[in-house]
2 protein chains.
Amino acid sequence: MKDVAVIGVGMQRWGELWDKSLRDIFVESALLALADTKVDKLDNMFIGCMSSGLFVGQEHIGSVMADYLGQRHLAAGRVESACASGGLAFRCALVEVASGMSDVVLAGGVEKMTDTSGDGATYALASAADHEYEVYNGATFPGLYALMARAHMEKYGTTRDQLAHVAVKNHKNGAKNPNAQYPFEITLEQVKSSVMIAEPLRILDCSPITDGAAAVILCPLEMAKKFTSKPLVKVTGSGQATDTIALHTREDLTTIASTTEAAKKAFAMAGKKPEDIDLAEVHDCFTIAEIIVSESLGFFAAGQGGPAVEAGETAIGGRIPINPSGGLKSKGHPVGATGIAQIYEIVKQLRGEAEKRQVENARVCLAQNMGGSGGSTLVHILEVV
Amino acid sequence: MKDVAVIGVGMQRWGELWDKSLRDIFVESALLALADTKVDKLDNMFIGCMSSGLFVGQEHIGSVMADYLGQRHLAAGRVESACASGGLAFRCALVEVASGMSDVVLAGGVEKMTDTSGDGATYALASAADHEYEVYNGATFPGLYALMARAHMEKYGTTRDQLAHVAVKNHKNGAKNPNAQYPFEITLEQVKSSVMIAEPLRILDCSPITDGAAAVILCPLEMAKKFTSKPLVKVTGSGQATDTIALHTREDLTTIASTTEAAKKAFAMAGKKPEDIDLAEVHDCFTIAEIIVSESLGFFAAGQGGPAVEAGETAIGGRIPINPSGGLKSKGHPVGATGIAQIYEIVKQLRGEAEKRQVENARVCLAQNMGGSGGSTLVHILEVV
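Treat the numbers as computed from the prediction; the structure is a model and nothing was measured.

Analysis parameters
Residues numbered from 1 in each chain as written. Chains lettered and ligands numbered in written order. Predicted model: local features only at pLDDT ≥ 70, side-chain atom pairs only at ≥ 80, totals over all residues. Heavy atoms only, no water. Helix = DSSP H or I, 4+ residues; strand = E, 2+ residues; numbered from the N terminus. Buried < 20%, exposed > 50% of the residue type's maximum accessible area, 1.4 Å probe, protein only. Contact = heavy atoms within 4.5 Å. Areas by Shrake-Rupley, 256 points an atom, 1.4 Å probe, with all protein chains shown as cover. Lys, Arg positive; Asp, Glu negative; His and termini not counted. Charge placed at Lys NZ, Arg CZ, Asp CG, Glu CD. Core = buried A, V, L, I, M, F, W, Y, C linked by side-chain atoms within 4.5 Å. Least-squares fit on C-alpha atoms with pLDDT ≥ 70 in both. Phe/Tyr/Trp six-rings, centres within 6.5 Å; stacked < 30°, edge-to-face > 60°. Domains from an automatic or database assignment. Buried area = accessible area lost by both parts, 1.4 Å probe. Salt bridge = Lys/Arg side-chain N within 4 Å of Asp/Glu carboxyl O. Polar contact = N/O pair within 3.5 Å; in protein donor to acceptor, adjacent residues only side chain to side chain. Pairing = 2+ DSSP bridges. pLDDT = per-residue confidence, 0-100. Axes fitted to C-alpha atoms, helices over the stretch in contact; angles between N-to-C directions. Nonpolar A, V, L, I, M, F, W, Y, C, P; charged D, E, K, R; others polar.

1. Quick notes on the overall build of chain A
For chain A, the count of helices and strands is 14 helices and eleven strands. When its C-alpha atoms are laid out on the principal axes, chain A stretches across 55 × 45 × 35 Å. Relative to its full complement of 385 residues, chain A shows a buried share of 69%. If you take every contact in chain A between residues at least 6 apart in sequence, the share linking residues at least 24 apart comes to 78%. Carbon and sulfur atoms provide 51% of the accessible area of chain A, an area that totals close to 11600 Å². Across chain A, the 35 positively charged side chains and the 45 negatively charged ones have centroids separated by 6 Å.

Pasting the structure below:
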């Protein structure tokens, strides 16, 4: 396998982009990524997108986006693993380059979640859960994560305040991110008094509905200097795993096994351990998710994720900064784009381009992108070389 | 890159499978593929599926299928390129194995098109066309292919009878295929007097709405004998390309440029030319599609596809047998599964297991799988070694 580098990254400011369509949003981010390199022509493109069909009635977006990007006839396809679709697109691009099949490959992610056709965003998002056994019975994602939160609170004593600390920290980081949908700070009291969604989760425990895209460009490490004069970022680890889609068939609601399995593979490939990671972007679709994931990745022992965020260990400047970008909570969560935006943030951090949210001495970083209630996970490790 | 072999194939009889759900259909085909090998445990799985979201409200099928297949925690994701989703899944599996990232990889395809939720099969299928410029204005696929048929007839003199000959030939082949949805012969007169759908295309010019799945298993060629005692089938060529999704932006309606581009790559990789191909499975979603594709692949000069099928050159026993399986027309077209079923047929032919539809001396075979009105194409070349 060839060594692979990320040579360019792009994303726009996320939010409710009423004046832009699905294709506009994607092409904008892809052009920004291209402009971050000296690349003119791509050899292949993978687009992570969870449900352009249910959101806007458009499948077959490989064809759409290659054309609108001005790369007619480009080999281009879409990949999907619910909210981990971006992570899967990155992995497919990595493997495509590593195999030698293609040289310059774009991995993008996109979702247009406002202004939807069909039955709206909640129905579309629910398609990431078990349609026959969860959705049919009325489950939605806030409800599923609320079950996980309750189980974690009862087993480990995780507190309502600790959940809120995740949101407060991520908004503090996101306030320094010019691309964030909600770039402002919030207080513990605001989280705890915000409207109840699914007990114990309140609206400020939830990531928002977002339009947005992100794109990164990969090539063999040996070719990278031809296309960029910036610090070289190498992909050293990749892991992918699934778990049962439905919560009721899991052995344990307080851990995410797909994340543990995917991380095991990524750490083994990179020859790293959790304590080697300088910062992580993880999938905080709900505050409880970040706490559980920080444990399932091995950053903290089971039950210690809550106390860790409360103690500031995951803040910028803490022992292991988590979500310096603001995470899904503050930056926004256009589901198919999130996994690529994590890579965007990590590349910015590794290059020292993260401005006010820069983590000092970030040299080994991890991205964890998750589908549904943990039915799938992609973990990647990137290092500056 | 490692050499890659196909070591197992599986599919069930296709049709209106009212008693089986999306997951039932996929798992059934995957278990058949596993039973065709000595493999117990997969390392990765790619599932081609066009729109499980619009058809049955279920995305995130990598997670669903890994679990229901009894392979919990398996790395598994979905890929989509409209009706070429199966071909894309096969290519992703090929690259995954060729890269050395995984050894034993399943490439599957599935679609549950009857018994749909949402707005029905026609709306779901239309999502493979340009939602903003074609679908919004009322275009559906029979209409788009009718435009291509009319243009081909006017430019080259392709006749109504020649279109019908495609359907007659493919039903003759499909009558010998125990997995075909419509395993019976039809006459030229029946095609020409069947109900009009979009002039000049009648109902018997159109592939049907189908439930079905197919699965194939790949591994490094050097490991193949460990898992199968059957003749070894090597993947020697892979090509992928897109074109504009919308017909109105194409330079020429009488050819499919994505197919020509993808074929060019696959032929170059395999070191073969069109005249080296012993049989081809191609994407006859409508009768005109097979005629155009047979030209765009280089089997016949532009305008000669119609006369060729009329003269029997593409029949079993002809110069270049096309769609010995019965094609999409007779075998059925569960859109995401079709590209994998093409590989199933080719492996059966290369192994000499195609029974009454066996093509003599088939040693180099080609599969062409196409999305939408040619917005994307995957071409693969397989050889017995």
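After presenting the structure, the write-up continues.
2. Remarks on the nonpolar core
Counting residues in hydrophobic clusters, the biggest one holds 186 residues, and the most contacted among them are Leu42, Met45 and Tyr145 of chain A together with Met45 and Tyr145 of chain B. Not counting chain neighbours up to four residues away, the residues in contact with Met45 of chain B comprise Phe26, Gly62, Met65, Ala66, Leu69, Leu74, Ala75, Ala76, Gly77, Val105 and Leu106 of chain B. In this structure, Ala107 of chain A together with Val4, Ala107 and Tyr344 of chain B belong to the second largest nonpolar core, which totals 82 residues.

3. Let's talk about the relation of the copies chain B and chain A
Turning chain B through 180 degrees and shifting it by 0.0 Å along the axis lays it on chain A, with an RMSD of 0.0 Å. Here the two chains are linked by the operation of a two-fold rotation axis.

4. A short note on the packing of aromatic side chains
All names here are of chain A. Taken as a whole, this structure holds four aromatic pairs over all chains when the rule is applied. Considering the side-chain rings of Tyr182 and Phe184, the 5.9 Å spacing of their centres and the 50 degrees angle between planes classify their relative orientation as tilted. Since its relative accessible area comes to 29%, Tyr182 is described here as partly exposed.

5. Some remarks on the side chain of Asp205 of chain A
Locating Asp205 of chain A in the fold gives a position in the loop between β6 (201–202) and β7 (212–220). Ignoring anything within four residues of it in the chain, the contact list for Asp205 of chain A reads Arg160, Leu163, Ala164, Val191, Pro200, Cys285, Phe286, Thr287 and Lys329 of chain A.

6. Describing the domain arrangement of chain A
All names here are of chain A. Under the domain assignment used here, chain A contains domain 1 (4–117 + 209–227) and domain 2 (129–207 + 236–384). Each of domain 1 and domain 2 was reduced to a C-alpha centroid, and the two centroids are 23 Å apart. Tallying the contact residues gives 42 residues for domain 1 and 35 residues for domain 2. Here domain 1 and domain 2 share an interface that buries about 2700 Å² over both sides, 65% of which is from carbon and sulfur atoms. The interface formed by domain 1 and domain 2 holds one salt bridge in total. Salt-bridge contacts for Asp36 lead to Arg351; the nearest nitrogen and oxygen are separated by 2.9 Å. Our enumeration of links across domain 1 and domain 2 arrives at 16 residue pairs in polar contact (both at pLDDT 80 or more). Where the side of domain 1 that touches domain 2 is concerned, the elements lending two or more residues are β1 (4–11), α4 (85–99), β4 (105–111) and β7. Per-element accounting of the side of domain 1 that touches domain 2 gives the leading share, eight residues, to α4.

7. Structural notes on the interface of chain B and chain A
With 68 residues of chain B at the interface, the matching set in chain A holds 68 residues. Counting the surface chain B buries against chain A, the share from its top three residues, His60, His73 and Met101 of chain B, is 15%. For the interface between chain B and chain A, the tally reads eight salt bridges. As a salt-bridge pair, Glu80 of chain B and Arg78 of chain A come within 3.0 Å of each other at their nearest N and O atoms. Linking chain B with chain A are 36 residue pairs in polar contact (both at pLDDT 80 or more). Elements with a minimum of two residues in the side of chain B that touches chain A: β2 (44–48), α2 (52–56), α3 (61–68), β3 (76–80), α4 (85–99), β8 (233–242) and α10 (257–270) of chain B. In this structure, strand β3 (residues 76–80) of chain A lies alongside β3 of chain B, joined through three bridges in antiparallel fashion. Note that in β3 of chain B the partner of Glu80 of chain A across the bridge is Arg78 of chain B.

8. Observations regarding the pairing of β2 of chain B
Regular strands have side chains that alternate between both faces of the sheet. All names here are of chain B. With respect to burial, β2 is a largely interior element, five of its five residues being buried. Direction of pairing for β2 relative to strand β4 (residues 105–111): parallel, over a ladder of five bridges. Along β4, the bridge assignment pairs Phe46 with Ala107. One ladder, built from four bridges, connects β2 with β3; its direction is parallel.

9. With respect to the confidence of the model for chain A
Taken over all residues, the pLDDT of chain A has a mean of 97, while the share at 70 or more is 100%. Two summary scores accompany this predicted model of the complex, namely pTM at 0.98 and ipTM at 0.98.

10. Some thoughts on the side chain of Ser127 of chain A
With respect to the helices, strands and loops of the structure, Ser127 of chain A is situated in the loop between α5 (120–126) and α6 (141–156). Exposure remark for Ser127 of chain A: the relative accessible area of 0% places this residue in the buried category. For Ser127 of chain A, the contacting residues outside a window of four places in its chain are Met50 and Leu54 of chain A together with Gly57, Gln58, Glu59 and His60 of chain B.

11. Re the packing of α4 of chain A against helix α14 (residues 338–351) of chain A
The axes of two packed helices give the description: the angle between them and the distance between them. Residues and elements named next belong to chain A. In the contact formed by α4 and α14, the axes pass within 5 Å of each other and the chain directions differ by 65 degrees. Between α4, through Gly86, Gly87, Ala89 and Phe90, and α14, the contact on the second element is made entirely by Gly339, Ile340 and Ile343. When the residues that make up the contact of α4 with α14 are grouped by side-chain class, the tally is four nonpolar, three polar and no charged.

12. Details of the pairing of strand β11 (residues 376–384) of chain A
Residue and element names in this part refer to chain A. With nine of nine residues buried, β11 lies mostly within the body of the structure. Neither face of β11 is left uncovered, since the one carrying Ser376, Leu378, His380, Leu382 and Val384 and the one carrying Thr377, Val379, Ile381 and Glu383 both have all their residues buried. In terms of strand pairing, strand β10 (residues 364–371) meets β11 through eight bridges, oriented antiparallel. By the bridge assignment for β11, Val364 is matched with Glu383. If you look at the hairpin formed by β10 and β11, you'll find four residues sitting between the two strands, and Gly372 has a positive phi there, around 60 degrees.

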